[in-house]
Amino acid sequence: MRLQPQRLASIVISCILLTAWHATVSAAVSITVTTAPEGKKVYVDSLEYTTPQTFSWTAGSIHTVAVDSTQGDTETRFAFTSWSDGGGLSHAVTVPTSATTYTANLSLEYRLSVAIVPENSGTVALDPEGGWYPQGISVSLSLHCPAKITVSQAGVGISCTD
């Protein structure tokens, strides 16, 4: 018996894939990030800026705005109180379709330190307790003087005797 070689048929299948591209073009939206008062630091998408700062973003895009809890020096500082949109210290914002301003509201605070001269010759209590106080708050100073001493704050001397 003789084997006959078999012919193999080869079928080539060509597929043409038609792809439809759809692009939506969105206009840029002007977004301002600032602080009240202006001139303080903010972070936008992890980059530091001095306010106010205006960006051109696409509606629907998401960005992060943030501010430090405090900023200032050793005697005065600005403390974060709120964002105008109600977000937390650092939060994501979705860009709306119209121009918007995001404002970090900051309150001015002063550091109050009290020293007794000579040291360990009396006690002072502050009410409310703390080292930083918002602008306009009244702080009561209670002084216990077992001997004649001088209490000074920012160059203001107060004397008492026993």
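Check the entry above for the structure.
This report concerns the structure included in the present document. The model shown is predicted, which means the values in this text are computed figures rather than measured ones.

**Quick word on the overall build of the protein chain**
Working step 1: Secondary structure summary: the protein chain contains zero helices and 15 strands in total.
Working step 2: The proportion of buried residues among the 162 residues of the protein chain is 23%.
Working step 3: The long-range fraction of contacts in the protein chain, counting pairs at least 24 apart against all pairs at least 6 apart in sequence, stands at 51%.
Working step 4: Summing over all exposed atoms, the protein chain offers an accessible surface of approximately 11400 Å²; the carbon and sulfur share of this is 54%.

**Brief notes about the pattern of salt bridges**
Working step 1: In the structure shown here, the tally under the stated rule is three salt bridges.
Working step 2: Here glutamate 75 and arginine 111 are joined by a salt bridge, their closest N and O atoms 2.7 Å apart. Residue glutamate 75 is located in the loop between strand S6 (70-72) and strand S7 (76-83), and its partner arginine 111 is located in strand S9 (residues 100-111); the two are separated by 36 residues in the primary sequence.
Working step 3: A relative accessible area of 39% places glutamate 75 in the partly exposed class.

**Considerations on the packing of aromatic side chains**
Working step 1: Under the definition given, this model contains two aromatic pairs.
Working step 2: Look at tyrosine 49 and phenylalanine 55: their rings are 5.2 Å apart centre to centre, the planes differ by 85°, and that puts the pair in the edge-to-face class.
Working step 3: Taken together, the ring pairs connect Tyr49, Phe55 and Trp57 into an aromatic cluster.

**Brief notes about the environment of alanine 59**
Working step 1: By secondary structure assignment, the location of alanine 59 is in the loop between strand S4 (53-58) and strand S5 (62-66).
Working step 2: A relative accessible area of 25% means that alanine 59 is categorised as partly exposed.
Working step 3: Each C-alpha atom, one on alanine 59 and one on valine 29, is 6.3 Å from the other, the two residues being 30 residues apart in sequence.
Working step 4: Not counting chain neighbours up to four residues away, the residues in contact with alanine 59 comprise Ala27, Val29, Val95, Pro96 and Thr97.

**Examining the environment of threonine 74**
Working step 1: Examined against the element boundaries, threonine 74 turns out to sit in the loop between S6 and S7.
Working step 2: As a C-alpha pair, threonine 74 and tyrosine 110 span 36 residues in sequence and 8.9 Å in three-dimensional space.
Working step 3: The contact partners of threonine 74, leaving out residues within four places of it in the chain, are Arg111 and Trp132.

**What about the side chain of glutamine 71?**
Working step 1: Take glutamine 71: it is sitting in strand S6.
Working step 2: Excluding residues within four positions of it along the chain, glutamine 71 makes contact with Lys40, Lys41, Arg77, Phe78 and Leu106.

**Points about the sheet that holds S5**
Working step 1: Spatially, the four strands line up as an open sheet ordered S3-S2-S5-S8, and their pairing is antiparallel. Looking along the sheet, the strands with just one partner apiece sit at the ends: strand S3 (47-50) and strand S8 (90-94). Looking at each pair of strands side by side, their axes are set apart by 30° on average, direction ignored.
Working step 2: As judged from the four bridges shared by strand S2 (residues 41-44) and S3, these two strands associate in the antiparallel manner. By the bridge assignment for S3, valine 42 is matched with tyrosine 49.

**Comments concerning the nonpolar core**
Working step 1: Core analysis: the largest hydrophobic core is formed by 17 residues, its most contacted members being Ile31, Val33, Val44, Trp57 and Trp83.
Working step 2: Going through the elements one at a time, strand S1 (28-36), S2, S4, S7 and S9 are the ones with two or more residues in this core.
Working step 3: No other element matches S9, which puts four residues into this core.

The rules behind the values
- Residues numbered from 1 in each chain as written.
- Predicted model: local features only at pLDDT ≥ 70, side-chain atom pairs only at ≥ 80, totals over all residues.
- Heavy atoms only, no water.
- Helix = DSSP H or I, 4+ residues; strand = E, 2+ residues; numbered from the N terminus.
- Buried < 20%, exposed > 50% of the residue type's maximum accessible area, 1.4 Å probe, protein only.
- Contact = heavy atoms within 4.5 Å.
- Areas by Shrake-Rupley, 256 points an atom, 1.4 Å probe, with all protein chains shown as cover.
- Salt bridge = Lys/Arg side-chain N within 4 Å of Asp/Glu carboxyl O.
- Phe/Tyr/Trp six-rings, centres within 6.5 Å; stacked < 30°, edge-to-face > 60°.
- Pairing = 2+ DSSP bridges.
- Axes fitted to C-alpha atoms, helices over the stretch in contact; angles between N-to-C directions.
- Core = buried A, V, L, I, M, F, W, Y, C linked by side-chain atoms within 4.5 Å.

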